[in-house]
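Residues per chain, in single letters:
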Amino acid sequence: MTSSKQAAEAAMLRFAALHPPASLAAGNYIGNAWGGGLGVIHVRDGKYTHGTHDAVLPSNKWTDEWFGWANAAGWYTGANHCTSQMRSDGGGPWYRQLPDLGPGQHFIGLSTSYVVTVYDC
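Please read all numbers here as calculations on a predicted model, not as lab measurements. (Residues numbered from 1 in each chain as written. Predicted model: local features only at pLDDT ≥ 70, side-chain atom pairs only at ≥ 80, totals over all residues. Heavy atoms only, no water.)

### What about the overall build of the protein chain?
Reasoning step 1: The number of helices and strands found in the protein chain is two helices and eight strands.
Reasoning step 2: For the protein chain, the α and β elements follow one another from N to C terminus as α-β-β-β-α-β-β-β-β-β.
Reasoning step 3: For the protein chain, whose C-alpha radius of gyration is 13 Å, the value lies close to the compact-globule estimate of 14 Å for 121 residues.
Reasoning step 4: Summarising its shape, the C-alpha atoms of the protein chain cover approximately 35 × 30 × 25 Å along the three principal directions.
Reasoning step 5: For the protein chain, the residues scored as buried account for 45% of the 121 residues in total. (Helix = DSSP H or I, 4+ residues; strand = E, 2+ residues; numbered from the N terminus. Rg over C-alpha atoms; globule rule 2.2 N^0.38 Å. Buried < 20%, exposed > 50% of the residue type's maximum accessible area, 1.4 Å probe, protein only.)

Here it is in structure tokens:
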């Protein structure tokens, strides 16, 4: 588990470097760059399998490869946790998205992909 913001950001940068956006298939995805599971949302419909999210994405996995989803709608961050994230718009280069996000549901656009890492906040 990544507990510090600095360690989380380092993990996120390593993960993003290994997965250039151009290597992803068409669609939008979420990559989990931290050492624990990340709650992810498949469709933004308010009806989520686990109340706040549809599934738990394991560490170092993508929503497309792990679940077979062509699109993802967002992620859920639990209590006392924050996320750092890298973003790609339409397959463009990764860039650091600010600000970091606190607990709750975080929805993404139809043409954006994210690398997400979690830290204690």
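### Focus on the sheet that holds strand S4 (residues 74-77)
Reasoning step 1: Within the open sheet, the four strands sit side by side as S3-S2-S4-S7. Their pairing is antiparallel. Lying at the two open borders of the sheet, with one neighbouring strand each, are strand S3 (55-57) and strand S7 (104-107). The sheet shows a mean angle of 35° between the axes of neighbouring strands, direction not considered.
Reasoning step 2: Pairing between strand S2 (residues 38-41) and S4: three bridges, direction antiparallel. (Pairing = 2+ DSSP bridges. Axes fitted to C-alpha atoms, helices over the stretch in contact; angles between N-to-C directions.)

### Thoughts on the nonpolar core
When a protein is soluble and globular, its nonpolar side chains tend to lie buried together.
Reasoning step 1: In this structure, Ile 30, Leu 38, Val 40, Trp 75 and Val 116 are the most contacted members of the largest nonpolar core, which totals 13 residues.
Reasoning step 2: Only S2, S3 and strand S8 (112-120) provide two or more residues apiece to this core.
Reasoning step 3: It is S8 that provides the largest number of residues to this core, a total of three residues.
Reasoning step 4: When neighbours within four sequence positions are excluded, Val 116 is seen to be in contact with Ile 30, Gly 31, Asn 32, Ala 33, Trp 34, Leu 38, Trp 75, Thr 83, Ser 84 and Gln 85. (Core = buried A, V, L, I, M, F, W, Y, C linked by side-chain atoms within 4.5 Å. Contact = heavy atoms within 4.5 Å.)

### Some remarks on the pairing of strand S6 (residues 95-101)
Reasoning step 1: Of the strand pairs in this sheet, strand S5 (residues 81-89) and S6 are connected by four bridges, and their pairing is antiparallel. Paired with Thr 83 across the strands is Leu 101, a residue of S6.
Reasoning step 2: Linking two consecutive strands that pair antiparallel, namely S5 and S6, is a turn of five residues; a positive phi of about 60° is found at Gly 90 within it.

### Examining the side chain of Asp 100
Reasoning step 1: Relative to the helices and strands, Asp 100 is located in strand S6.
Reasoning step 2: Accessibility expressed as a relative area gives 17% for Asp 100, which makes it buried.
Reasoning step 3: A distance of 3.3 Å separates polar atoms of two side chains, one belonging to Asp 100 and the other to Lys 5.
Reasoning step 4: A polar contact of 2.7 Å, which involves the side chain of Asp 100, links it to the side chain of Tyr 119.
Reasoning step 5: Not counting the four nearest positions on each side in its chain, Asp 100 is found in contact with Lys 5, Glu 9, Thr 83, Ser 84, Gln 85 and Tyr 119. (Polar contact = N/O pair within 3.5 Å; in protein donor to acceptor, adjacent residues only side chain to side chain.)

### Side note on the state of the cysteines
Reasoning step 1: By the definition in use, this model includes one disulfide.
Reasoning step 2: Each sulfur of the disulfide joining Cys 82 and Cys 121 lies 2.1 Å from the other. Across the S-S bond linking Cys 82 and Cys 121, the dihedral sits near 85°, which makes this disulfide right-handed. Here Cys 82 is found in strand S5, whereas its partner Cys 121 is found in the segment after S8, with 39 residues between them in sequence.
Reasoning step 3: You can call Cys 121 exposed: its relative accessible area is 51%. (Disulfide = S-S within 2.5 Å.)

Keep in mind that these numbers describe shape and distance, not what the molecule does.
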